[in-house]
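# Architecture and fold: a report
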Amino acid sequence: MPKGYWISAYRTISDPEKLAAYGKLAAAAVKAGGGRTLVRGGRVVAHGAGIAERTVLVEFDSFEQAVAAYESAAYQEALVALSDGVERDFRIVEGID
């Protein structure tokens, strides 16, 4: 069964305090949903139209698990804390089996 992934590429971070509050809540939600954070911040080399800003990659055992974790009440609470603190491209994708 293919794994599921959350991929989040931040374009701008306008409120680091909101991002920090989100981070605490999101980490707990990811763990509760069975996810494993593989990349969070760190060094970035961007090419093409990419932006060398914060990138996050979270792995789940399945695509369905990734979607369910996003839709969970715990993660939705994290999104409320984040609100307009960042602009990002967030995707849930299915891996290759």
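For the structure itself, look to the data block above.
All of the points below concern the structure found in this document. (Residues numbered from 1 in each chain as written. Predicted model: local features only at pLDDT ≥ 70, side-chain atom pairs only at ≥ 80, totals over all residues. Heavy atoms only, no water.)

## Some thoughts on the sheet that holds strand 4 (residues 86-94)
Pairing is antiparallel across the open sheet formed by four strands, whose spatial order is 2-3-1-4. In the strand order of this sheet, the two ends are held by strand 2 (36-40) and strand 4, each with one partner. When the angles between neighbouring strand axes are averaged without regard to direction, this sheet yields 15°. Relative to strand 3 (residues 55-60), strand 1 (residues 4-13) is paired through six bridges, and the arrangement is antiparallel. Residue pairing for strand 3: glycine 4 is matched across the bridge by phenylalanine 60. Across the sheet, helix 1 (residues 16-32) is in contact with strand 1, strand 2, strand 3 and strand 4; its angle to strand 1 comes to roughly 175°. (Pairing = 2+ DSSP bridges. Helix = DSSP H or I, 4+ residues; strand = E, 2+ residues; numbered from the N terminus. Axes fitted to C-alpha atoms, helices over the stretch in contact; angles between N-to-C directions. Contact = heavy atoms within 4.5 Å.)

## Thoughts on unusual backbone geometry
With a phi close to 35°, serine 83 is a non-glycine residue in the positive phi region. Structurally, serine 83 is set in the loop between helix 3 (73-82) and strand 4. Taking the relative accessible area as the measure of exposure, serine 83 reaches 44% and is therefore partly exposed. (Buried < 20%, exposed > 50% of the residue type's maximum accessible area, 1.4 Å probe, protein only.)

Everything listed here is a matter of coordinates, which is why it stays silent on function.
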